[in-house]
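Coordinates in review
Listed below are the residues making up each chain.
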Amino acid sequence: MLKSAKRWALTAMALLLIALLACAGITFIVDPFELYRESAILPLYDQESYNNPGIAKSYDYDAVILGTSMVEMSNPSVIDECFGVKSVKLPMRGSHTAQMGWQLDHVFHIKERRGETLNLAILAVDAYSLMGPVDDMEEIYDYLWNDDILDDVNYLLNRDVLLVRIPRILKNIGKPLDTKRDDMYKWVDVVFAAKSVYDATPKNPQKPMQDADLRIERSTANIENHIERYVAAHPETKFLVYMPPYSVAYWYLMTREGISEQQYRSRARVCELLLGYENVEIYDFSSRMDWITDLDEYFDYSHHSSGVSDRIMRAMAAGEGRVYTVQAMRDGSERIRQAVMDFAAEYEK
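For clarity, every value in this text was computed on a predicted model and none was experimentally measured. Residue positions are counted from 1 within each chain, in the order its sequence is given. The model is predicted, so local features are restricted to residues of pLDDT at least 70 and side-chain atom pairs to those at 80 or more, both for listing and for counting; the totals for chains, interfaces and linings are taken over all residues. In computing side-chain values, all of the structure's heavy atoms are included and hydrogens and water are not.

1. Notes on the nonpolar core
Of all hydrophobic cores here, the largest spans 40 residues; its most connected members are I55, L123, F239, V241, V270, L274 and I282. When checking whether two residues touch, look at their non-hydrogen atoms; a contact exists if any pair is within 4.5 Å. Here I55 is in contact with E34, Y45, Y61, V88, L90, M184 and Y185, once residues within four sequence places are set aside. Among the nonpolar cores identified, the runner-up in size contains 22 residues, and V197, V248, A249 and I292 belong to it. Nine residue types can take part in a nonpolar core, namely buried Ala, Val, Leu, Ile, Met, Phe, Trp, Tyr and Cys, and a core is a set of them joined through side-chain atoms within 4.5 Å. Relative accessibility under 20% of the residue-type maximum defines a buried residue, over 50% an exposed one, and the middle range a partly exposed one, all with a 1.4 Å probe and only protein chains included.

2. Looking at the packing of aromatic side chains
Classification of ring pairs rests on two measures: the distance between centres of Phe, Tyr or Trp rings, Trp counted by its six-membered ring, which must be within 6.5 Å, and the angle between planes, read as stacked under 30 degrees, edge-to-face over 60 and tilted in between. In this structure the tally under the stated criterion is 22 aromatic pairs. With centroids separated by 5.5 Å and ring planes inclined at 25°, the aromatic side chains of F33 and Y50 adopt a geometry described as stacked. Here the residue F33 occupies a position in the loop between helix 1 (2-30) and helix 2 (48-58), and Y50 occupies one in helix 2, the gap between them amounting to 17 residues. When the centroid spacing of 6.3 Å and the interplanar angle of 15° are considered together, the rings of Y198 and F343 count as stacked. Within this pair, whereas Y198 is found in helix 10 (residues 194-200), its partner F343 is found in helix 16 (residues 326-347), the two being separated by 145 residues in sequence. What makes Y198 partly exposed here is its relative accessible area of 36%. Cluster of aromatic residues (ring-pair linked, three or more members): F28, F33, Y36, Y50, Y141, Y143 and Y155. Charge-over-ring placement is defined geometrically: NZ (Lys) or CZ (Arg) within 6 Å of the ring centre, and within 35 degrees of the ring normal. Its end group placed over the ring of F28, R37 keeps NZ or CZ at 4.7 Å from the ring centre. The ring of Y61 has K111 lying over it, and the distance from NZ or CZ to the ring centre is 3.9 Å. Segments assigned H or I by DSSP are reported as helices when at least four residues long, segments assigned E as strands when at least two residues long, and all are numbered from the N terminus.

3. Side note on the sheet that holds strand 1 (residues 63-67)
The rule for pairing is simple: two strands pair if DSSP sees at least two bridges between them. Strand order in the open sheet formed by six strands is 2-1-3-4-5-6, and the pairing between neighbours is mixed. Pairing within the sheet leaves two strands with one partner each, and these edge strands are strand 2 (87-91) and strand 6 (322-323). In terms of strand pairing, strand 5 (residues 280-284) meets strand 6 through two bridges, oriented antiparallel. Its bridge partner lying in strand 6, Y283 is registered against R322.

4. With respect to helix 15 (residues 306-317)
Compared with the 16 Å implied by 1.5 Å per residue over twelve residues, the 17 Å span of helix 15 between its first and last C-alpha is a close match. Every buried residue of helix 15 is accounted for by S306, V308, S309, D310, I312, M313, A315 and M316. Directly beyond the C-terminal end of helix 15, a positive phi value near 80° is found at G319. A helix is expected to reach a length of 1.5 Å times the quantity of its residues less one.

5. Things to note about the side chain of N172
Relative to the assigned elements, N172 resides in the loop between helix 8 (159-170) and helix 9 (180-183). We classify N172 as buried; its relative accessible area is 8%. Sequence-distant contacts of N172, defined by excluding residues within four places in its chain, comprise I41, L42, P43 and L44.

6. Describing the pattern of salt bridges
Any carboxyl oxygen of Asp or Glu that lies within 4 Å of a side-chain nitrogen of Lys or Arg is treated as forming a salt bridge with it. Here the structure, examined in full by the defined rule, presents 25 salt bridges. The residue R256 makes a salt bridge to E348 at a minimum N-O spacing of 3.2 Å. Pair noted here: R256 is in helix 12 (residues 248-256) and E348 is in the segment after helix 16, with a separation of 92 residues, a long-range link. Under the relative-accessibility criterion, E348 is labelled partly exposed at 38%. Residue R288 pairs with D290 through a salt bridge whose shortest N-O separation is 2.8 Å. You can call R288 partly exposed: its relative accessible area is 25%.

This is the structure in structure tokens:
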């Protein structure tokens, strides 16, 4: 009886181990998040926090574009054409500067481990993200980024990966891969039109304008810890830092919420801390009036079309919109203030 129970227990343990190894083997082979190799099947680019580590680890590139959802419509093929590089995009929707810094740190670590150089880093620096928590690690999963093999069990035996992601990615077998770098993360179920912007822009009551320096310490710490730190440590890398062209409706809302002056101050702080570095170029497209007032290029008060993303890259390649002084950035903020006044006069009628 005892021998029989022992045999049954050993058999059950062996079967369980075989089942676990089979599950891990399936995940390793299919590898839906590309942690071990670039997939020969079109991945599901719909979870940036999970997809980005695999892209950073497994893809061939010497340039990267980082930012919030404002870079999701970017086309790496245009970046490659403009700057003579091979690029990938690593956006994180709704993120802060801290998440950008985390990803940048790991990209450099990956490149150093391979003995490769990151030639170009394009950073879309949103004014609101500069005011986010300095240690914000939301949606960052260390086990996907680190080099600890033991941590891989969280991926290899992940129920959602096995039961949801793998069946879904297998449906993509045979789909073309040639445009995947451009297509990943793009919004496809939206309408770019002025009406979409107006529909998404509430007429909130005006709140008292907060002091411009209210959270400048946080912006300063974010720039120093998550951007300047890497600029100083990697003179071999060219950094193109640009202020994304949020629509004038966005700045109208920030003004109504009483926080626009803080964001203008943060924009200037970027210049104060980074203009002195030879490997940094700063561009201001937030004050590009012909772009931010062309509301037919937006699907809400923030997000612009892929065409605008391409114009940004071509403008930077041509040196258009480059900021050489702190005052030039302040002048850009003044243009935005005037555009907001013009927009409000029309919109609030």
